[in-house]
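Notes for the structure review
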Amino acid sequence: AAKTRGTLRIGTSEQWGAVVVRLVRARNLPETSRAGKCDAFATVQCGAGKPERSNLKLDTYDPRWEETFAFDVKGTADVVELKVWDDDVVANRFVGSCRVPVSAVSCEPDMRVDQWYELSGEAGEQRGNVLLEVLVETHKWQVDVDVLECRGLPSSFIRESPNEEMNPYCCVVLGHRVQATTPRHWDFSPVFRERLHFDLSSLEEELRLVVLNNRPEDETGDDFVAQAKVKASRLLHLDNLSVSYISGRRHPGSWNASLWLPLEPEDGVAPWGQLVVSVVEARGLPKMDAFGKVDPFCVVRVVRPGGPQDLRGLRTQVKIATFEPKWHEDFTFGVMHSDSEVLVEVYDHDWGGDAELIGVVKLPLAGMCDLQEPFDAWHEVRRAEGGAAAAIDGSLGQVRLMLNVATKGVDFAGSFGYVHIRVNAQLLTNVPTLRDLGEESKQLTGASPDEPADLVDAHLHV
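Since the model is a prediction, treat every value here as computed from it, not as a measurement.

About the criteria used
- Sequence order as written defines residue numbering, which begins from 1 separately in each chain.
- Note on the predicted model: pLDDT of at least 70 is required for a residue's local features to be given, and 80 or more for side-chain atom pairs to be given and counted; whole-chain, interface and lining totals, by contrast, use all residues.
- Derived side-chain values reflect all non-hydrogen atoms in the structure, with water molecules and hydrogen atoms excluded from consideration.
- Starting at the N terminus, helices and strands are each numbered in turn, a helix being any DSSP run of H or I of at least four residues and a strand any DSSP run of E of at least two.
- Three labels apply to residues, based on accessible area from a 1.4 Å probe with only protein chains included: buried if under 20% of the type maximum, exposed if over 50%, partly exposed otherwise in between.
- It only takes one pair of heavy atoms within 4.5 Å for two residues to be counted as in contact.
- For accessible areas, the Shrake-Rupley method is used with a probe of radius 1.4 Å. Any residue's cover is judged against the shown protein chains and nothing else.
- A strand pair is defined by DSSP finding two or more bridges across the two strands.
- Here, axes are lines fitted to C-alpha atoms. For helices the fit covers the stretch in contact, and angles between N-to-C directions go from 0 to 180 degrees.
- Whenever Lys or Arg places a side-chain nitrogen within 4 Å of a carboxyl oxygen from Asp or Glu, that contact is recorded as a salt bridge.
- The rule is short: rings of Phe, Tyr and Trp, with Trp giving its six-membered ring, pair when the centres are within 6.5 Å, and they are stacked under 30 degrees, edge-to-face over 60, tilted in between.
- For a lysine, the NZ atom is tested; for an arginine, the CZ atom; a charge sits over a ring if that atom is within 6 Å of the ring centre and within 35 degrees of the ring normal.
- Throughout, nonpolar core names a set of buried Ala, Val, Leu, Ile, Met, Phe, Trp, Tyr and Cys residues whose side chains join them through atoms within 4.5 Å.
- Whenever two N or O atoms come within 3.5 Å, that pair is a polar contact, provided that in protein one can donate a hydrogen and the other can accept it, and provided that, for residues adjacent in sequence, both atoms are side-chain atoms.

What follows is about the overall build of the protein chain. When helices and strands are tallied, the protein chain shows one helix and 27 strands. Out of the 462 residues in the protein chain, the part that is buried amounts to 50%. For the protein chain, restricting intrachain contacts to residue pairs at least 6 apart in sequence, the fraction spanning at least 24 positions comes to 70%. As presented, the protein chain carries roughly 22,100 Å² of accessible surface, and 46% of it is formed by carbon and sulfur atoms.

In structure tokens:
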């Protein structure tokens, strides 16, 4: 509903359109008391919206208001109801009312209902006339969604090899239309910069963005990675959107915003807790071949012993030619099960082939829940079960980790990564322009021949 007279704020409710009512004037109001003429004001209401009140016009039978009201409506069954009152200190006296069905107002561009309506008293008797201009629009939007990039994605990184490909792409659903970006090959922070086009007719429609891992050789289909969902009304921040109708020219409303949306797991999946892993540094890493030092990096995963493995993981940067790398990188995971373990795998990067596994650190999470301080310790790097690593000196070194597991009052935003989008929305409105002051005053329709043309000076913000 309208928050301010003369301004239509398109809110977050599921509305079919909007009705703009311009209360111009009334004439021939009856005498309601012996104390003098009417101190007239009007209330305007449409549908279930809150009634809006006009200004008070003192001591007159022919008040002139020239005020604009705007309302969201759910459909053509709604009715605009106007009531005129005589203000009184003890109790306001009812003068008369009229009703204008929304179905009687054309939604075609530049069509309006601008005429005198009869005011009826409580017994149905005539109680004067009121001049109204009623406009109707239906909300339609043209929305361009620019999918820019993803960060912090959980991935299907490791199955049999640390070079298991991650080929993410985004599938965007808005209304009844589904569009997808092009997959990005071997990329854990993919940059898309692709524009997808949509038409939007309801602010209650939901934008759903799903990140998938493209696996064209897998008969089971693409892997679900994460998703983000947001209502169109929230996405467009419509409380701040306005369209000005000035001097008879229409200025279509537009909105653009750049947003980072937190990704979340599949529907119906509730995480047990949130794990923050800080891979700080390593020491004593072994030589993996006869030439040079190691180029180490780590892959961090959350696994479940004895059950189906969550093979998604996040990796650190590669540190060049060092046995004592320092990373200081943080990773956040939504942990699905209480018996999960954190698995940190240390690799020696090979610039000409597959990375070579040095060893692993595996720690249960159940004993680290809700600590006041992160668990900070050095951990021995051990040979992985079935691993083929073969350090030249037999020692695999140590890795320093800081772990924090929270299970109470957790905000999981960001635990599954983020997606960066830019939204460009254009309001395709059917609201006709208000009459420019003076220019169209002689072309008014519906006015009584014995009345002067009404001049309108108003700005309508939609």
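As a further point, take the sheet that holds strand 20 (residues 313-315). The strand order 20-19-22-23 describes an open sheet built from four strands, whose pairing is antiparallel. Here the strands that pair on one side only, and so sit at the sheet edges, are strand 20 and strand 23 (356-364). Strand-to-strand twist in this sheet, taken as the mean axis angle between neighbours without regard to direction, amounts to 20°. By the bridge criterion, three bridges tie strand 19 (residues 296-303) to strand 20 in an arrangement that is antiparallel.

The next subject is the pattern of salt bridges. In the structure shown here, the tally under the stated rule is 14 salt bridges. Measuring nitrogen to oxygen at the nearest pair gives 3.8 Å for the salt bridge that ties R53 to D87. Placement of the pair is R53 in strand 3 (residues 52-53) and D87 in the loop between strand 5 (79-86) and strand 6 (93-101), with a sequence separation of 34 residues. With a closest N to O distance of 3.1 Å, R64 and E66 form a salt bridge. Among the charged side chains, a salt-bridge network with shared partners connects D144, D146, R195 and R422.

Quick look at the packing of aromatic side chains now. Tallied over the full model, the rule gives two aromatic pairs. With a centroid separation of 5.3 Å and 15° between ring planes, the pair formed by F297 and Y347 is classed as stacked. A residue pair is termed long-range when its members are at least 10 positions apart, and F297 in strand 19 and Y347 in strand 22 (residues 341-348) qualify at 50 residues. Taking the relative accessible area as the measure of exposure, F297 reaches 2% and is therefore buried. Looking at R27, its charged tip hangs above the ring of W116, at a distance of 4.0 Å from the centre. A cation over an aromatic ring shows up here: R283 above the ring of W378, its NZ or CZ 3.8 Å from the ring centre.

Here the focus is the nonpolar core. Counting residues in hydrophobic clusters, the biggest one holds 33 residues, and the most contacted among them are V143, V147, L209, V211, L263, V419 and I421. Secondary-structure elements contributing two or more residues to this core are strand 9 (141-151), strand 10 (168-174), strand 12 (191-200), strand 13 (206-213), strand 14 (223-231), strand 17 (254-262) and strand 26 (418-427). What V147 contacts, discounting residues up to four positions off in sequence, is C170, V172, T181, F192, R193, E194, L196, L209, H420 and I421. Counting residues in hydrophobic clusters, the runner-up holds 29 residues, among them L285, V300, V344 and L401.

Here N167 shows up in the loop between strand 9 and strand 10. At 3.4 Å, the side chain of N167 forms a polar contact with the side chain of H185. Setting aside chain neighbours within four positions, we find N167 in contact with P183, R184, H185, W186, L212, N213 and N214.

This part is about unusual backbone geometry. Here the phi dihedral of A321 falls at roughly 50°; this positive angle occurs in a residue that is not glycine. Even without a glycine there, the phi angle at D370 is positive, about 55°. Mapping D370 onto the fold places it in the loop between strand 23 and strand 24 (375-380). Take D370: its relative accessible area is 34%, and that puts it in the partly exposed class.

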